[in-house]
Amino acid sequence: MSHFETQAIRTQMERTAFQEHSNPLFLTSSFVFDDAEDMRASFAEEKERAIYSRFTNPNTSELVDKMCLLEGAEAGYAFATGMAAVFSTFAALLKSGDHILSCRSVFGSTHGLFTRYLPKWNINTTYFGADQVDQLDDFVLPETKILYVETPTNPAIEILDLEFLGQFARERGLLFVVDNCFATPYLQRPIDFGAHLVIHSATKLIDGQGRVLGGITVGQKDLIREIYLFARNTGPALSPFNAWVLSKSLETLAVRVEKHCDNAEILATRLEEHSSIKRVKYPFLDSHPSSEIARKQMKRGGNIVAFELAGGLEVGREFLNKIALCSLSANLGDTRTIVTHPASTTHSKLSSEERLQVGITDGLVRMSVGLEHVEDIWTDLLQALNN
Ligand SMILES: *Cc1c(COP(=O)(O)O)cnc(C)c1O
């Protein structure tokens, strides 16, 4: 089972007595024991078996096993949402006084966690820019425990060098944690570059069809053990139903992501030639400042394309109003193409200076390219651009 597609399709829980072909759904809160000794030994973890679905469930375990294979990880735990995975990972591994070093451009709620909530427990974060990676030593404190990055970043599509950061973390004894949501394990495997833990919002490309929320952290066994114990006691577990949906979705991840990339490459190239567009950001365009790093660590460029309209805030809003086929929605990684205007929505609470620091100009549009026929997406974009 050496290939990605085969692992994603053929990793499956043990069949039940019914010999079902597709994986069954175990909607059960708890599991029964044969006798008092079975129950004692199970709680003592002398045997590996399901006890209660907050701890494990056959559906969540199948999803975790599959993601571990795909990411090259030893162990994992599945969460109700991507943010539950991000929060629980930090909460389980850090203590008061510890410090996080993070790339500046991070998902909005992760930024909220770093700036509003973790400081309540005296855990502070310092941001570095994607262009400051070569001065990273200046940012490391004696208390620094975790080096955290997203790549590609949202929504500015910056690329961080995983090989360099993996080596940096190893030399300084830091835990290297990567949010691999935009790339998926099909395009990028951070553990191969030295990441200790990889986090996903499974809500995005792993579900890929805009149906369920989910999150997962995979990586080094001893770290996952700490995260598991934290989650087991605090309750952010993934629902078995969502795990069943997500495990099934992983069976088609490779073909979906290939097609997402086909469409995104065509649209990025055409947008770059359009006169109303100042700049297109897509990891595999030669014009991307880090395209060489992207090609080193990613198989293809992914499905997120950002572009800057000549004009500014109002032009960005007008463009969105003229979009007819594509959706205006907060999700990404769906079969449906989604366009957003970060400056007036997700990042409107930041000052324009703060927005610029994370690469968001007033005319920036972020597009999550879907699986519709590429000519229909292009026709929609063209009519919105030309009006
Ligand atoms: C969406 C997202 C998250 C949060 O995931 P939820 O499932 O919405 O909680 C975290 N990181 C990145 C990069 C995301 O895009």
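Residues numbered from 1 in each chain as written. Predicted model: local features only at pLDDT ≥ 70, side-chain atom pairs only at ≥ 80, totals over all residues. Heavy atoms only, no water.

As annotated in an unreviewed UniProt entry, the protein chain carries the name O-succinylhomoserine sulfhydrylase and is attributed to Aureitalea marina. Per UniProt, the protein chain carries the Sequence similarities (unreviewed entry) text "Belongs to the trans-sulfuration enzymes family." (UniProt positions renumbered as here; feature names shortened; annotations may be inferred.)

Bringing the UniProt feature "modified residue: N6-(pyridoxal phosphate)lysine" (unreviewed entry) in the protein chain into the picture now. The UniProt feature table records "modified residue: N6-(pyridoxal phosphate)lysine" (unreviewed entry) at Lys204. Residue position: Lys204 is located in the loop between strand 6 (197–201) and strand 7 (215–219). By relative accessible area, Lys204 is classed as buried at 11%. (Helix = DSSP H or I, 4+ residues; strand = E, 2+ residues; numbered from the N terminus. Buried < 20%, exposed > 50% of the residue type's maximum accessible area, 1.4 Å probe, protein only.)

A word on the state of the cysteines. This structure, assessed with the given rule, holds zero disulfides. Looking at the unpaired Cys326, the closest cysteine sulfur is the one in Cys261, lying at 17 Å. Given the relative accessible area of 5%, Cys326 is considered buried. (Disulfide = S-S within 2.5 Å.)

In the structure shown here, the tally under the stated rule is 15 aromatic pairs. Joined through ring pairs, the aromatic side chains of Phe90, Phe114, Tyr127 and Tyr148 make up one cluster. The lysine or arginine in question, Lys120, covers the ring of Trp121, its NZ or CZ lying 6.0 Å from the ring centre. Its guanidinium or amino end placed over the ring of Phe284, Arg295 lies 4.8 Å from that ring's centre, counting from NZ or CZ. (Phe/Tyr/Trp six-rings, centres within 6.5 Å; stacked < 30°, edge-to-face > 60°. Lys NZ or Arg CZ within 6 Å of the ring centre and 35° of its normal.)

Quick look at the domain arrangement of the protein chain now. Per the domain assignment, the segments of the protein chain are domain 1 (4–250) and domain 2 (253–386). Once you take the C-alpha centre of each, domain 1 and domain 2 turn out to be 27 Å apart. Facing the 34 residues of domain 1 at the interface are 36 residues of domain 2. Both sides together, the interface formed by domain 1 and domain 2 hides about 3000 Å², and carbon and sulfur atoms give 62% of it. Counting the contacts that link domain 1 with domain 2 gives two salt bridges. A salt bridge links Lys296 to Glu163; its shortest N-O distance comes to 3.0 Å. Linking domain 1 with domain 2 are 16 residue pairs in polar contact (both at pLDDT 80 or more), by the criterion used here. (Domains from an automatic or database assignment. Contact = heavy atoms within 4.5 Å. Buried area = accessible area lost by both parts, 1.4 Å probe. Salt bridge = Lys/Arg side-chain N within 4 Å of Asp/Glu carboxyl O. Polar contact = N/O pair within 3.5 Å; in protein donor to acceptor, adjacent residues only side chain to side chain.)

On to the sheet that holds strand 6. Strand pairing in a sheet is mediated by backbone hydrogen bonds. Such pairs are either parallel or antiparallel. With mixed pairing, seven strands are arranged side by side in an open sheet as 1-7-6-5-4-2-3. The open sheet is flanked by strand 1 (75–79) and strand 3 (124–128), the only strands paired with a single partner. With direction set aside, neighbouring strand axes in the sheet form an average angle of 20 degrees. In terms of strand pairing, strand 6 meets strand 7 through five bridges, oriented antiparallel. The residue of strand 7 that forms the bridge with Leu197 is Gly219. Sitting on the sheet, helix 8 (residues 221–234) touches strand 1, strand 5 (175–179), strand 6 and strand 7, and the angle it makes with strand 1 is about 30 degrees. (Pairing = 2+ DSSP bridges. Axes fitted to C-alpha atoms, helices over the stretch in contact; angles between N-to-C directions.)

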